[in-house]
Amino acid sequence: FEDAVVNHVHFTKNIEGVDKIGANIGVAAKVSHPFSSEDMAWFEEIGTDASHLTPRFLNIGGRFKELQLIRERAKEKRWAVMPILDYPAHSRYIAPYVEKVEDEYRTVSMTAPQKRIFSSLSCKELKQPEEIREEILLCITKTIHWHRAIETLVSEKNVTEFINIGPCRSLSGMMKDIPGAAKLTEASELIFTEEAAD
């Protein structure tokens, strides 16, 4: 995580202005009314890119004017809307900024992973450094499919437990919205349990 923050600062200094084109917002539907195929078609029709994180939670990247349309529709549909990022990650609109740093990014040294990595972009295991490099680049401009990745890990890879090692519990909350998802444990709980045992 520390390396990710350092690299983020290093590369984003070269993409000044990225916060002037759009943003990322989270859009949550009611538990009783998850997003329909018609809703997804509308997001696409107005020119936004919706990452399907759970049946009722989307991370949407787009330009300011289209995001405003979503806020207006949210009032009618009773969706909750929240800011996520000040630039449109996981969307086509950030592509020109990614291209500015692509050559420099490709000089970053990568090695084969020591732990298994599963992508929420392509929903497959990544084994080679080049695969990882390409996925990192693509996930900035393409939508991610976290919901489908979790379901694939459970149904096809026989994963029975997930451990949230992130700095917040937002993903933990979303796991509850995925039918049949495996057991979830917080890393902090494991650490405190081990410390208490000592």
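Keep in mind the model is a prediction, meaning the values are calculated, not measured.

Undergrad: How should the sheet that holds strand β4 (residues 80-85) be read in this particular structure?
TA: Hydrogen bonding along the main chain pairs the strands of a sheet, whether they run parallel or antiparallel. Reading across from one edge, β2-β3-β1-β4 is the order of the four strands in this open sheet, with antiparallel pairing throughout. Across the chains shown, the open sheet's two edge strands, defined by having one partner strand only, are β2 (49-54) and β4. The mean angle between the axes of side-by-side strands here comes to 25°, regardless of whether they run parallel or antiparallel. The sheet contact formed by strand β1 (residues 22-28) and strand β3 (residues 57-63) spans seven bridges and is antiparallel. Among the inter-strand pairings, Gly22 is bridged to a residue of β3, identified as Arg63.

Undergrad: Just to check I follow, could you spell out the environment of Asp49 for this structure?
TA: With respect to the secondary-structure elements, Asp49 resides in strand β2. Given a relative accessible area of 13%, Asp49 falls into the buried group. The spacing of Asp49 and Ile60 is eleven residues in sequence and 5.6 Å in space, taken between C-alpha atoms. Look past the residues within four positions of Asp49 in its chain and what remains in contact with it is Asn59, Ile60, Gly61, His90, Ser91, Arg92, Tyr93 and Thr143. At 2.8 Å, the side chain of Asp49 and the side chain of Arg92 are in polar contact.

Undergrad: Can you help me understand helix α5 (residues 129-141) in this one?
TA: Helical periodicity: at 3.6 residues per turn, an α-helix aligns residues three or four positions apart in one direction. Residues of α5 that are buried: Pro129, Ile132, Arg133, Glu135, Leu137 and Thr141. On its buried face, α5 sits against α4 (95-105), β5 (117-118) and β6 (125-126).

Undergrad: Got a minute to help me understand the environment of Lys30 in this structure?
TA: Mapping Lys30 onto the fold places it in the loop between β1 and α2 (37-45). Residue classification places Lys30 among the partly exposed positions, given a relative accessible area of 42%. Residues Lys30 and Lys77, spaced 47 residues apart in sequence, show a C-alpha to C-alpha distance of 9.0 Å. Discounting residues that sit within four places of it in the chain, Lys30 has contacts with Arg56 and Arg78.

Undergrad: What is the right way to read the pairing of β3 from this model?
TA: Working note: regular strand, side chains alternate between the two faces of the sheet. Burial analysis of β3 places six of its seven residues in the buried class, which makes it a mostly covered element. The pairing of β2 with β3 spans five bridges and is classified as antiparallel. Bridging from a neighbouring strand, Ser51 pairs with Asn59 of β3. Where β2 hands over to β3, the hairpin turn is made up of two residues, counted between the paired strands.

Undergrad: Sorry, what's going on with the pairing of β1 here?
TA: Among the seven residues in β1, seven count as buried, and that is most of the element. By the alternation rule, side chains of β1 split into Gly22, Asn24, Gly26 and Ala28 and Ala23, Ile25 and Val27, which are all buried. Pairing geometry for β1 and β4, over five bridges, is antiparallel. The partner of Ala28 across the bridge, within β4, is Ala80.

Undergrad: Quick question: what am I supposed to make of a nonpolar patch on the surface here?
TA: Judged by side-chain polarity, Ile163, Ile165 and Leu190 come together as a nonpolar surface patch covering roughly 300 Å² of accessible area. As for its position among the elements, Leu190 is in helix α8 (residues 187-197).

Undergrad: What exactly am I supposed to notice about the nonpolar core here?
TA: In summary, soluble globular proteins display a tendency toward joint burial of nonpolar side chains. One finds Val27, Phe35, Phe43, Ile60, Ile70 and Trp79 to be the most contacted residues of the largest nonpolar core, which totals 15 residues. Val27 has contacts with Phe35, Arg56, Phe57, Leu58, Ile60, Ile70, Trp79, Ala80 and Val81, leaving out every residue within four places of it along the chain. Formed by twelve residues, the second largest nonpolar core is a distinct cluster that contains Ile150, Leu153, Met175 and Ala182.

Undergrad: Would you mind showing me how to read the side chain of Thr152 here?
TA: In this structure, Thr152 sits in helix α6 (residues 146-155). Residue classification places Thr152 among the buried residues on the basis of a relative accessible area of 13%. A distance of 2.8 Å separates the side chain of Thr152 from the backbone oxygen of Arg148, its partner in a polar contact. Discounting chain neighbours no more than four positions away, the residues touching Thr152 are Phe118, Cys123 and Lys157.

Undergrad: What exactly am I supposed to notice about the packing of α4 against α5 here?
TA: Packed helices, taken two at a time, are described by their axes: the angle between them and the distance between them. Two elements in contact, α4 and α5, have axes separated by 10 Å at closest approach and are oriented at 160°. When the axis of α4 is compared with that of α5, the two are roughly antiparallel. Judged by the sense of rotation from one axis to the other, the crossing of α4 with α5 is right-handed. Each of Ala95, Val98, Glu102 and Tyr105 in α4 lies in contact with α5, whose residues at this interface are Ile132, Arg133, Ile136, Leu137, Ile140 and Thr141. Per-class residue counts for the contact of α4 with α5 are seven nonpolar, one polar and two charged.

Reading the values: the criteria
Residues numbered from 1 in each chain as written. Predicted model: local features only at pLDDT ≥ 70, side-chain atom pairs only at ≥ 80, totals over all residues. Heavy atoms only, no water. Pairing = 2+ DSSP bridges. Helix = DSSP H or I, 4+ residues; strand = E, 2+ residues; numbered from the N terminus. Axes fitted to C-alpha atoms, helices over the stretch in contact; angles between N-to-C directions. Buried < 20%, exposed > 50% of the residue type's maximum accessible area, 1.4 Å probe, protein only. Contact = heavy atoms within 4.5 Å. Polar contact = N/O pair within 3.5 Å; in protein donor to acceptor, adjacent residues only side chain to side chain. Patch = residues over 30% accessible without salt bridge, like charges linked within 9 Å, V, L, I, M, F, W, Y side chains within 5 Å. Areas by Shrake-Rupley, 256 points an atom, 1.4 Å probe, with all protein chains shown as cover. Salt bridge = Lys/Arg side-chain N within 4 Å of Asp/Glu carboxyl O. Core = buried A, V, L, I, M, F, W, Y, C linked by side-chain atoms within 4.5 Å. Parallel < 35°, antiparallel > 145°, perpendicular 65-115°, else oblique. Left-handed = near helix turned anticlockwise from the far one by under 90°. Nonpolar A, V, L, I, M, F, W, Y, C, P; charged D, E, K, R; others polar.

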